[in-house]
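The residues making up each chain are set out below.
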Amino acid sequence: MRRSSSLLTRLTGVVAGLVLAAAGVVTLAVPAQAASLTAVASFGSNPGNLAMYAYRPDNMPANAPAVVLLHGCTQNASGYFTNSGWRKYADQWGFALIVAEQKSGNNANACFNWFETGDTARGQGEALSIKQMVDHAKANFGVDGNRVFVSGLSAGAAMSSVMLATYPDVFAAGSIIAGIPYRCATSMVNAFSCMNPGTDKSPAAWGDLVRGAYSGYTGRRPRVAIWHGTSDTTVAPLNGTESRDQWTNVRGVSQTPSSTSSLPGGTSLEVYGNDDVRLYRVSGMGHGTPVDPGSGADQCGTAGAYFLDTICSTYRDALFFGLNGGGTNPTPTPTATPTPTPTPTTPATCVTATNYAHVTAGRAYQSAGYAYANGSNQRMGLYNTFYTSALKQTGPNYWVVGC
């Protein structure tokens with residue numbers, strides 16, 4: 001074992017909020033083809049003691065892209081591969097899937113150790129094991145090293161942040177679904193507060209953590225898509241905003257969106273810079289991967305425990321990664337019609353009231369005992385009648401803290 005039994009017992013408590021139960025997940029019918037998810041017995045020194053699985057569709061061409069998938073706690077490679085919808089687009093567009101799997105010997109709930117410094121640093125632990133999976137795929141599957149991407153859910157999303165930060169020379173882009181900014185936690189002691197209510201840092205402070213992960217690196221940085229449900233009480237919605245702050249700062253673009261749009265499933269999309277960073281907020285969604293079962297071009301996945309029937313996030317991410325025909329940087333899909341960023345009204349509406357009153361009036365919402373401003377999702381403090389905040393309206397149902 002790489003972890004002491006006492007630490008594993010304590011980790012059970014830390015990751016309880018991140019547990020994504022595999023039980024009850026519906027299994028998709030296997031397509032009538034020879035390709036299947038296959039275990040890779042050896043792929044390097046594997047210091048993180050992870051398992052590697054690979055999927056190569058029958059029609060996969062030479063120099064194909066690859067997507068690394070990172071499951072949530074208590075899940076495994078097969079379950080996430082089957083239900084997230086990625087197989088559909090791998091078959092359709094001909095790219096490889098590399099699915100990493102955690103072992104219970106490393107973590108009592110099979111969570112990737114996103115809060116352990118030895119597993120989240122370049123050249124060490126689980127981060128290096130995942131990087132070695134990519135190296136194996138490039139050497140043995142003919143994967144295009146310039147088109148490698150990563151996507152994960154919850155603890156896997158936090159590990160996606162790790163991979164994007166520690167290996168910007170390996171990953172061209174990534175997707176963080178209900179995840180946490182890189183290096184929010186550096187031990188299990190502060191993992192709880194990172195999950196909920198979340199940690200508020202300046203964009204520069206978040207960006208410095210990423211830049212410190214590969215000191216001296218001057219090359220290009222990955223593009224990032226961030227997904228978060230507005231009713232997620234396991235990993236607070238603040239984490240979506242803070243991840244936005246982290247990666248816009250790393251990419252050198254403003255934290256003000258260049259465009260906004262409305263998508264199916266109660267989803268809003270904010271685009272930052274020249275499609276450098278995307279932030280998807282799924283209204284009313286809890287903790288899980290957004291899926292949309294069906295046969296439509298933009299539908300995918302199977303609804304179940306922590307696979308939530310709202311919108312097919314995999315389809316949007318596949319387009320963001322440029323997997324539908326090449327390594328281009330696609331513009332938002334046709335259903336995402338850009339609209340101007342909300343601008344202040346003249347004069348701007350400003351209201352000072354208790355956080356309880358703001359929520360009651362519909363200017364804010366509450367999650368896990370804290371109030372958040374509608375639209376901006378900025379944290380206002382405790383949700384009660386004693387904590388007072390000033391909110392300014394800058395657009396339809398869009399409020400920011402401060403007047």
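Since the structure is predicted, the reported quantities are computational estimates derived from the model, not experimental observations.

Conventions and cut-offs
- Residues numbered from 1 in each chain as written.
- Predicted model: local features only at pLDDT ≥ 70, side-chain atom pairs only at ≥ 80, totals over all residues.
- Heavy atoms only, no water.
- pLDDT = per-residue confidence, 0-100.
- Contact = heavy atoms within 4.5 Å.
- Helix = DSSP H or I, 4+ residues; strand = E, 2+ residues; numbered from the N terminus.
- Pairing = 2+ DSSP bridges.
- Axes fitted to C-alpha atoms, helices over the stretch in contact; angles between N-to-C directions.
- Buried < 20%, exposed > 50% of the residue type's maximum accessible area, 1.4 Å probe, protein only.
- Core = buried A, V, L, I, M, F, W, Y, C linked by side-chain atoms within 4.5 Å.

Trainee: Looking at this structure, how should I read the confidence of the model for the chain?
Mentor: The predicted coordinates ought not to be read in detail in places where the model reports low pLDDT. Of all residues in the chain, 85% attain a pLDDT of 70 or more, and the chain-wide mean is 86. In this model, residues 1-32 is a region of pLDDT below 50 whose contacts with residues beyond four sequence positions or in other chains number 87 contacts. Under a pLDDT of 50 for its full length, residues 326-346 has, in the predicted model, 47 contacts with residues more than four places off or in other chains.

Trainee: In this structure, what is going on with unusual backbone geometry? I would like to understand it.
Mentor: Negative phi characterises most residues that are not glycine, and trans characterises most peptide bonds. The linkage connecting asparagine 196 with the following residue, proline 197, adopts the cis geometry, with an omega of 15°. For proline 197, the position within the fold is in the loop between α6 (191-195) and α7 (203-211). The phi torsion at asparagine 46 lies on the positive side, around 50°, for a residue other than glycine. The topology assignment puts asparagine 46 in the loop between β1 (38-40) and β2 (51-55).

Trainee: Just checking my understanding: could you explain the sheet that holds strand β4 (residues 96-101) for this structure?
Mentor: Sheets are built from strands that pair by backbone hydrogen bonding, the pairs being arranged parallel or antiparallel. Ordered in space as β1-β2-β4-β3-β5-β6-β7-β10-β9-β8, the 10 strands form an open sheet in which the pairing is mixed. A single partner strand is all that each edge strand has here, and the edge strands are β1 and β8 (259-263). Strand-to-strand twist in this sheet, taken as the mean axis angle between neighbours without regard to direction, amounts to 20°. Most of the contacts of helix α4 (residues 125-140) go to β4, to which it runs at about 150°, and overall it touches β1, β2, β3 (64-70), β4 and β5 (143-153).

Trainee: What am I meant to see in the pairing of strand β7 (residues 223-229) here?
Mentor: A regular strand places its side chains so that they alternate between the two faces of the sheet. A large share of β7 lies buried, amounting to 7 of its 7 residues. Side chains of β7 alternate between two faces, with Arg223, Ala225, Trp227 and Gly229 and Val224, Ile226 and His228 buried alike. As judged from the 5 bridges shared by strand β6 (residues 173-177) and β7, these two strands associate in the parallel manner. The residue bridging alanine 173 from the neighbouring strand is arginine 223, located in β7. Note: β7 against strand β10 (residues 277-282), 6 bridges, orientation parallel. For glycine 229, the partnering residue across the bridge sits in β10 and is valine 282.

Trainee: For this particular structure, what's the right way to read the nonpolar core?
Mentor: Generally speaking, a soluble globular protein has its nonpolar side chains buried in company with each other. Counting 45 residues, the largest nonpolar core has Val68, Leu70, Ile130, Phe171 and Trp247 as the members making the most contacts within it. Ignoring anything within four residues of it in the chain, the contact list for tryptophan 247 reads Ser161, Leu164, Ala165, Ile176, Val210, Val224 and Val277. Residues Ala90, Leu153, Ala173 and Val282 belong to the second largest nonpolar core, which totals 38 residues.

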